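Tertiary structure, described
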Amino acid sequence: MSTQRPPATTPRAENHDAAERTPAFDVFDHGCPSRPVLAHLTGRWGALAMAALREGPVRFNTLRRRIGNISDKMLAQTLQSLERDGFVDRQVLAVMPHHVEYRLTALGTETAAKLYDLIEHLERHMPDVLDAQRRHAQHQTTAE
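A short tour of the structure in this document, coming up. (Residues numbered from 1 in each chain as written. Predicted model: local features only at pLDDT ≥ 70, side-chain atom pairs only at ≥ 80, totals over all residues. Heavy atoms only, no water.)

Let's talk about the overall build of the protein chain
The criterion, for reference: The helix count covers DSSP runs of H or I at least four residues long, the strand count covers runs of E at least two residues long, and both are numbered beginning at the N terminus. We call two residues in contact whenever any of their non-hydrogen atoms come within 4.5 Å of each other. Using the Shrake-Rupley algorithm and a 1.4 Å probe, accessible areas are obtained, with residue cover drawn only from the displayed protein chains.
On a plain count of helices and strands, the protein chain comes out with six helices and three strands. For the protein chain, the α and β elements follow one another from N to C terminus as α-α-β-α-α-β-β-α-α. Once local pairs closer than 6 in sequence are excluded, the contacts in the protein chain between residues at least 24 apart make up 38%. When the accessible area of the protein chain is evaluated, it comes to approximately 10,400 Å², of which 55% is carbon and sulfur surface.

Structure below.
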């Protein structure tokens, strides 16, 4: 079975009517709009924010503490990107003083589950990664 993707301009096979044709997306195409979305999700803070939001609605400062070592500015930018892409919903609560909660949308919940699978996979295999890093470092010092 071939794993090659169709070009980004090829209509999806299930849409035969020209009016219903939707272009396929190819993240390997530098102009594809899926590329920046992937960067938002898998960047340094996006994956951590998505994973932390899996636990349910959370306020900004709680999320910042959960992620750790992230500035207010970077967390705000990350959440704005994820909100713009449709993964996160920002809700202003009508209390005094105003509180803002962040939660995953339906798309965000599905996407966060996949990211969390990757996180669990990484955590499970960290001994292998650390061994590989040690071997690499030893090889680098013996090669010099």
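Some details on the packing of aromatic side chains
So the rule is basically this: What counts as a ring pair is set by centres within 6.5 Å for rings of Phe, Tyr and Trp (its six-membered ring), and what kind of pair is set by the plane angle: stacked under 30 degrees, edge-to-face over 60, tilted for all other angles. Buried residues are those whose accessible area, probed at 1.4 Å on protein chains only, stays under 20% of the maximum for their type, while exposed residues exceed 50% and partly exposed ones sit between those limits. Over a ring means this: the NZ of a Lys or the CZ of an Arg is within 6 Å of the ring centre and within 35 degrees of the ring normal.
In this structure the tally under the stated criterion is one aromatic pair. Pairing Phe 60 with Tyr 102 gives two aromatic rings, centres 6.4 Å apart and planes at 55°, and the pair type is tilted. You can see Phe 60 sitting in helix α3 (residues 60–67) and its partner Tyr 102 sitting in strand β3 (residues 99–104), a full 42 residues away along the chain. The pair Phe 60 / Tyr 102 is uniform in exposure class, with both members buried. Taking the ring centre of Tyr 116 as reference, the NZ or CZ of Arg 54 above it sits at 4.1 Å.

Quick notes on the nonpolar core
As a rule of thumb, soluble globular proteins bury nonpolar side chains together. As a reminder of what qualifies: To define a nonpolar core, start from buried Ala, Val, Leu, Ile, Met, Phe, Trp, Tyr and Cys residues and group those joined through side-chain atoms within 4.5 Å.
With 22 residues, the main nonpolar core has Met 50, Leu 53, Leu 63, Ile 67, Leu 79 and Val 88 as its most contacted residues. When contributions to this core are tallied by element, the ones reaching two or more residues are α2 (46–53), α3, α4 (72–84), β3 and α5 (106–124). Examining the composition of this core, we find that five residues originate from one element, α2, more than from any other. Other than its neighbours up to four places away in sequence, Ile 67 contacts Trp 45, Leu 48, Ala 49, Ala 52 and Leu 75.

Some details on the packing of α2 against α4
The line we're drawing: For helices, the axis comes from a line fit to the C-alpha atoms of the stretch in contact; other axes are also lines fit to C-alpha atoms, and the angle between any two N-to-C directions lies between 0 and 180 degrees. Angle categories: roughly parallel below 35 degrees, roughly antiparallel above 145, roughly perpendicular from 65 to 115, and oblique for all the rest. Each residue gets one of three labels, nonpolar for Ala, Val, Leu, Ile, Met, Phe, Trp, Tyr, Cys and Pro, charged for Asp, Glu, Lys and Arg, and polar for the others, Gly among them.
Look at α2 against α4: their axes get within 10 Å of each other, and the N-to-C directions meet at 75°. Comparing their axes, α4 and α2 come out roughly perpendicular. In this structure, α2 contributes Gly 46, Ala 49, Met 50 and Leu 53 to the contact, and α4 contributes Thr 78, Leu 79 and Leu 82. For the contact of α2 with α4, the residue count by class is five nonpolar, two polar and no charged.

Brief notes about the pattern of salt bridges
Any two side chains of opposite charge can pair if their charged atoms end up close together. Cut-off, in case you're wondering: Counted as salt bridges are all cases of a side-chain nitrogen of Lys or Arg within 4 Å of a carboxyl oxygen of Asp or Glu.
Going through the model one piece at a time under the given rule, you end up with four salt bridges. In this structure, Arg 103 and Glu 101 form a salt bridge, with 3.0 Å as the shortest nitrogen-oxygen distance. Overall, Arg 103 belongs to the partly exposed group, its relative accessible area being 26%. For Asp 131, the salt bridge goes to Arg 134, with nearest N and O atoms at 2.4 Å. One end of the pair, Asp 131, and the other, Arg 134, are both in helix α6 (residues 126–143), three residues apart, so they sit about a helical turn from each other.

Considerations on α4
This is how it is decided: One fewer than the residue count of a helix, multiplied by 1.5 Å, yields its expected span. The arc refers to the directions leading from the helix axis to the C-beta atoms.
Taking 1.5 Å of rise per residue, 13 residues should cover 18 Å, and α4 covers 18 Å from first to last C-alpha, within 8% of that figure. Along α4, the positions that sit buried rather than exposed are Leu 75, Thr 78, Leu 79, Ser 81 and Leu 82. Axial view of α4: buried residues confined to an arc of 160°, hence all on one face. Within α4, the exposed residues directed more than 90 degrees away from the buried face are Lys 73 and Arg 84. Phi turns positive one or two residues past the end of α4, at Gly 86, with a value near 90°.

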